[in-house]
Amino acid sequence: MNSNNSNNVLPQKFVIIDGYKIKYLDYSCRIKRFSNTYPILVLLHGIGASCERWLKVAQILSRYFRIIIPDIIGSCDSDKPATVEYDMDFFNSFLEAFLQKLHIDRPIIGGHSFGGHLATEFAIRFRDNVEKLILTAPAGPRRPTSSISYQYVTAAFTQKYEDIYEAFKNMAFNPNTVTQDTIIDFKRRMSLAHAKFAFISTLLGIRNAKAFRGRLFKITSPTLIIWGENDEMTPPYDEYLQEYNEIPDHGIEKINHCGHTPFVEKPIKFNTILLKFLLKKDFYSLLFRQMTDDDREKEKNLHTCTECHQCAQCGCLVECPPDRCLYNVKTFRIPKCKRCQGYWTDL
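Residues numbered from 1 in each chain as written. Predicted model: local features only at pLDDT ≥ 70, side-chain atom pairs only at ≥ 80, totals over all residues. Heavy atoms only, no water.

A. Main features of the confidence of the model for the chain. On average, residues of the chain score 84 in pLDDT, and 79% of them are at 70 or above. In this model, residues 1–7 is a region of pLDDT below 50 whose contacts with residues beyond four sequence positions or in other chains number 12 contacts. Ignoring residues within four places in sequence, the model shows residues 301–347, a span with pLDDT below 50, making 100 contacts including any to other chains. (pLDDT = per-residue confidence, 0-100. Contact = heavy atoms within 4.5 Å.)

Next up, the structure:
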């Protein structure tokens, strides 16, 4: 569910994989390329989420790639078998069969949180089948569980509005990015038959999965890791980031003032980083003009007030370069903090 897409019919499809009905989004009709080879970007959501979680960035990305976003088996509107063990072997077999069914060869694969864990494991096991790899706040095996993760699990089982809101609010840097639609849709997903079983089984599958260390060198695909600097659900600790140094060709990008879901909280910045990695071009100014006013609002510069040491929002709606304002306002920064009226300084 996403109010920003209410005027658009989602490219929703279904396919049968090993006897199970799988829902996915297929943004395939927007591509205008000069060759017959269409790059395909497969996006994998996190635990308890759905394909709709990527809607903030999918339409823009579909101008450059064919975008495939499944409801991973056990999630949302895909089947949730109650007689299987949701471990990484099961999920990798599913992803392999899903790509084969859709005749997708060597896609770019992007994954968030649990989806990042799955994408990483898939790239280790099927190194020749992944063109490029994009990991956003990736989860990993045998990592300590954060307090925000506990809140998220609790919300999944209580299904209380206030518990869900608290979990999503603490997951984000800016609580204003948590909409009522987000809360209602999560509550709906977790009330579906066998949803809780699949959720807890997946958690155990992540926790008991084989460690990455000593295996990541097998990933031969160029890899980009994107992390919100203020992610408290899967914090970007140095010890986690250092694991990915085993990948021969990798880069790490952090997004300031951003929590666990950069593609929801900072969609312009996220798409800019992703497209620069994939297409080697800077699309920031172009993407800024194409996004909605609501999304531009989320891209506001944030500065630290020298008196109260809190963030003060600037009048400029994007992270402008030093020499000009992308919002075309000559004097675009407010000189005082909205909270204490003290003077601000750039971070």
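Next comes the rest of the account.
B. The state of the cysteines, seen in detail. A full pass over the atoms with the stated rule returns zero disulfides. C51 supplies the cysteine sulfur nearest to C76, a cysteine that is in no disulfide, at a spacing of 6.4 Å. (Disulfide = S-S within 2.5 Å.)

C. Examining the pattern of salt bridges more closely. As enumerated under the stated definition, the model contains 14 salt bridges in all. Here D26 ties to R66 by a salt bridge, and the two come within 2.8 Å at their closest N and O atoms. On the criterion of sequence distance, the pair formed by D26 in strand 2 (residues 20–27) and R66 in strand 4 (residues 66–70) is long-range, its members being 40 residues apart. The two residues D26 and R66 agree in class, both being buried. One salt bridge connects E121 with R125, and the closest N-O pair in it is separated by 3.0 Å. Taken together, the residues E121 and R125, both in helix 3 (residues 114–125) and four residues apart, mark about one turn of the helix. Within the structure, one salt-bridge network assembled from shared partners comprises K23, E52, D77, D185, R188 and R189. (Salt bridge = Lys/Arg side-chain N within 4 Å of Asp/Glu carboxyl O. Helix = DSSP H or I, 4+ residues; strand = E, 2+ residues; numbered from the N terminus. Buried < 20%, exposed > 50% of the residue type's maximum accessible area, 1.4 Å probe, protein only.)

D. Layout of the layout of surface pockets. Within this model, the largest pocket holds a volume of roughly 510 Å³. Every residue lining the largest pocket is counted, 25 residues in all, and those nearest its centre are R143, T145, S149, L203 and I206. Breaking the lining of the largest pocket down by element, the ones donating at least two residues are helix 4 (147–158) and helix 7 (195–207). Tallying contributions element by element places helix 7 first for the lining of the largest pocket, with six residues. (1 Å grid on protein atoms, 1.4 Å probe; cavity = no way out; pocket = protein on both sides within 12 Å on 5 of 7 lines; lining within 4 Å. Points joined across faces, edges and corners; volume = space filled by probe spheres on them.)

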